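Coordinate analysis (summary)
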Amino acid sequence: MNIKITGTGSYIPDTIEKNESFHNHEFLNTDGSSINAPNEVIVEKFKAITGIAERRYAKDHHNSSDLGFFAAEKAIEDTGIDPETLDYIIVAQNFGDVKSNSIQSDMLPSIASRIKHSLRIKNPKCVAYDLLFGCPGWVEGVIQAKAFIQSGMAKRCLVIGTETLSRVVDKHDRDSMIFSDGAGATIIEATDEEGGILAHETASYTYDEAYYLYFGNSNNQELCRDTRYIKMDGRKIYEFALVNVPKAMKTCLDNSGVDIKDLKKIFIHQANEKMDEAILKRFYRLYRTKIPEHIMPMSIQTLGNSSVATVPTLLDLVKNNKMKNHNLTKGDVVIFASVGAGMHINAIVYKY
């Protein structure tokens, strides 16, 4: 028995927010003081570091559960399964449903329950739950699905990553330009076909690193101090990721028994273009091997950072030949890797 991804789907919102739209924002330092630079310079420096030129925002009437439902429908259609045969629906998310122009997060019922309801699944044995694991949530959901299937508790799982980060950002914080909305979904099931999940690795670093990402006040001191927004220590996250993500990827690849030269694609969480490129360099440096051309597809330039949705969305785009110079064929070995709030790191080596 092998455990494979048998279907994928993603939902990329239509609303495009270009960098130019931030030229009129009032960006402030954390102490509320003005930044001594024009917005055009701030935005240009931001693009040089992150690679982001535009990002996607959900329509006002759509919530995170809606985006997850849209992606799930596509994954189910791609596989051609009866949704009533799903044993688990695992939804990676972090902030629940936050309505447009609202400050309240709604997680009751769970996002997974809402998506199951929208899919009109009657089977009560289809268990739906949310997974709060920061940006690595979808990867961790796949690892959990594997555990359920391997133990005999399930035969088929739907794993979704969905988020509307645009609704929990502080518009006075330069980091707000990083975040975006979207959803990706996959069907994971037992199959007699060759390939599937070969190895996985997960770690949680909390002793010193737990609050590198956190909920904090707006940089605008005049706004309500009881309202919280997503905040991060970008420098510490960058340094943490560069040290720990390549090591986790190497451990995972070594445990899989696959030679580095047989690796075809690396799907890394789309958090920062320069950070991902640095992770890639350090990973290949561990093997004293040159980086192959077109090994790492990137979507952050146009889609931004949609947290748990980046990796499954990237997979869906490559699988459906929607990214130049990137495709997948039977027998290809790939790595999924992510890092995020917690601080959590994980990786999966997978053979198509």
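What you are looking at is a predicted structure, and each value in this text was computed from that prediction instead of being measured. (Residues numbered from 1 in each chain as written. Predicted model: local features only at pLDDT ≥ 70, side-chain atom pairs only at ≥ 80, totals over all residues. Heavy atoms only, no water.)

**Considering empty space enclosed by the protein**
Inspection of the entire model under this criterion finds one cavity of 30 Å³ or more. Estimated volume of the largest cavity: approximately 80 Å³. Together, 15 residues line the largest cavity, and Ile12, Asp181, Leu303, Ser306 and Thr313 are the ones closest to its centre. Within the residue set of the lining of the largest cavity, elements represented by two or more residues are strand S7 (181-191) and helix H8 (310-319). Top contributing element to the lining of the largest cavity by residue count: S7, with three residues. Considering only residue class, the lining of the largest cavity consists of six nonpolar, seven polar and two charged. (1 Å grid on protein atoms, 1.4 Å probe; cavity = no way out; pocket = protein on both sides within 12 Å on 5 of 7 lines; lining within 4 Å. Points joined across faces, edges and corners; volume = space filled by probe spheres on them. Helix = DSSP H or I, 4+ residues; strand = E, 2+ residues; numbered from the N terminus. Nonpolar A, V, L, I, M, F, W, Y, C, P; charged D, E, K, R; others polar.)

**So, a positive patch on the surface**
Together, Lys274, Lys281, Arg282 and Arg285 give the surface a local cluster of positive charge. Here Arg282 lies in helix H6 (residues 273-286). Residue Arg282 is classed as partly exposed on the basis of its relative accessible area, which comes to 34%. (Patch = residues over 30% accessible without salt bridge, like charges linked within 9 Å, V, L, I, M, F, W, Y side chains within 5 Å. Areas by Shrake-Rupley, 256 points an atom, 1.4 Å probe, with all protein chains shown as cover. Salt bridge = Lys/Arg side-chain N within 4 Å of Asp/Glu carboxyl O. Lys, Arg positive; Asp, Glu negative; His and termini not counted. Charge placed at Lys NZ, Arg CZ, Asp CG, Glu CD. Buried < 20%, exposed > 50% of the residue type's maximum accessible area, 1.4 Å probe, protein only.)

**Notes on helix H1 (residues 39-50)**
Over its twelve residues, H1 extends 16 Å from the first C-alpha to the last, a length consistent with the 16 Å expected when each residue adds 1.5 Å. Along H1, the residues classified as buried are Asn39, Ile42, Val43, Phe46 and Thr50. Along the axis of H1, the buried residues cluster in a sector spanning 95°; they form a single face. Among the exposed residues of H1, those pointing more than 90 degrees away from its buried face are Glu44 and Lys45. Once H1 ends, the next one or two residues include Gly51, with phi positive near 85°. (Expected span 1.5 Å × (residues − 1). Arc of directions from axis to C-beta.)

**Regarding the pattern of salt bridges**
Under the counting rule described, the total for this entry stands at twelve salt bridges. Here Asp170 and Lys231 are joined by a salt bridge, their closest N and O atoms 2.8 Å apart. Linking Asp170 in the loop between strand S6 (156-164) and S7 with Lys231 in strand S10 (residues 229-232), this pair joins segments that are 61 residues apart in sequence. The salt bridge partner of Glu193 is Lys330, with a shortest N-O separation of 3.7 Å. Placement of the pair is Glu193 in the loop between S7 and strand S8 (196-204) and Lys330 in the loop between H8 and strand S12 (333-340), with a sequence separation of 137 residues.

**Focus on the environment of Ile5**
Tracing the sequence through the fold places Ile5 in strand S1 (residues 2-11). We classify Ile5 as buried; its relative accessible area is 9%. Distance in space between the C-alpha atoms of Ile5 and Thr191 is 9.6 Å, their sequence separation being 186 residues. Leave out the neighbours within four places in its chain, and Ile5 touches Thr186, Ile187, Ile188, Leu315, Phe336 and Tyr350. (Contact = heavy atoms within 4.5 Å.)

**Side note on the side chain of Arg56**
Here Arg56 lies in strand S3 (residues 54-57). The side chain of Arg56 is buried and forms no salt bridge, while Glu54, the nearest opposite charge, is found at 4.8 Å. A polar side-chain atom of Arg56 sits 2.7 Å from the main-chain carbonyl oxygen of Pro13. What Arg56 contacts, discounting residues up to four positions off in sequence, is Ile12, Pro13, Asp14, Thr15, Ile16, Ser180, Asp181, Thr302 and Leu303. (Polar contact = N/O pair within 3.5 Å; in protein donor to acceptor, adjacent residues only side chain to side chain.)

**Details of the nonpolar core**
Counting residues in hydrophobic clusters, the biggest one holds 54 residues, and the most contacted among them are Met249, Leu253, Leu263, Ile266 and Phe283. Going through the elements one at a time, H1, helix H5 (234-256), strand S11 (263-268), H6, S12 and strand S13 (344-351) are the ones with two or more residues in this core. The leading source of residues in this core is H5, at nine residues. Non-local contacts of Phe283, meaning those with residues more than four positions away in its chain, are made with Pro246, Met249, Lys250, Leu253, Ile260, Leu263, Ile266 and Ile335. (Core = buried A, V, L, I, M, F, W, Y, C linked by side-chain atoms within 4.5 Å.)

**Thoughts on the sheet that holds S13**
Strands belonging to one sheet form pairs held by backbone hydrogen bonds; the direction of such a pair is parallel or antiparallel. Here four strands make up an open sheet; going across it, the order is S8-S13-S12-S11 and the pairing mixed. Strands with a single pairing partner mark the edges of an open sheet, and in this sheet they are S8 and S11. The sheet shows a mean angle of 15° between the axes of neighbouring strands, taken without regard to direction. Two strands pair when backbone bridges link them, and S11 and S12 are joined in this way by five bridges, in the parallel orientation. The residue bridging Ile266 from the neighbouring strand is Ile335, located in S12. The sheet contacts of H5 involve S8, S11, S12 and S13, and relative to S13 the element is tilted by about 35°. The sheet strands contacting H6 are S11 and S12, and the helix crosses S11 at an angle near 140°. (Pairing = 2+ DSSP bridges. Axes fitted to C-alpha atoms, helices over the stretch in contact; angles between N-to-C directions.)

**Section: the packing of aromatic side chains**
Think of a pair of aromatic rings as described by two things: how far the centres are apart, and how the planes are tilted against each other in angle. Scanning the entire structure with this criterion turns up 14 aromatic pairs. With a centroid separation of 5.7 Å and 50° between ring planes, the pair formed by Phe69 and Phe70 is classed as tilted. Connected via pairs of aromatic rings, a cluster forms that spans Trp138, Phe267, Phe336, Tyr350 and Tyr352. (Phe/Tyr/Trp six-rings, centres within 6.5 Å; stacked < 30°, edge-to-face > 60°.)

**A short note on the layout of surface pockets**
Here the largest pocket defines a volume of roughly 1100 Å³. Every element with two or more residues in the lining of the largest pocket is listed here: H1, strand S9 (213-216), S10, H5 and S12. In terms of residue count, H1 provides more of the lining of the largest pocket than any other element does, five residues in total. Taken together, the residues of the lining of the largest pocket break down into 25 nonpolar, 16 polar and six charged. The computed volume of the second largest pocket comes to approximately 780 Å³. A class-by-class count of the residues in the lining of the second largest pocket yields twelve nonpolar, twelve polar and eight charged.

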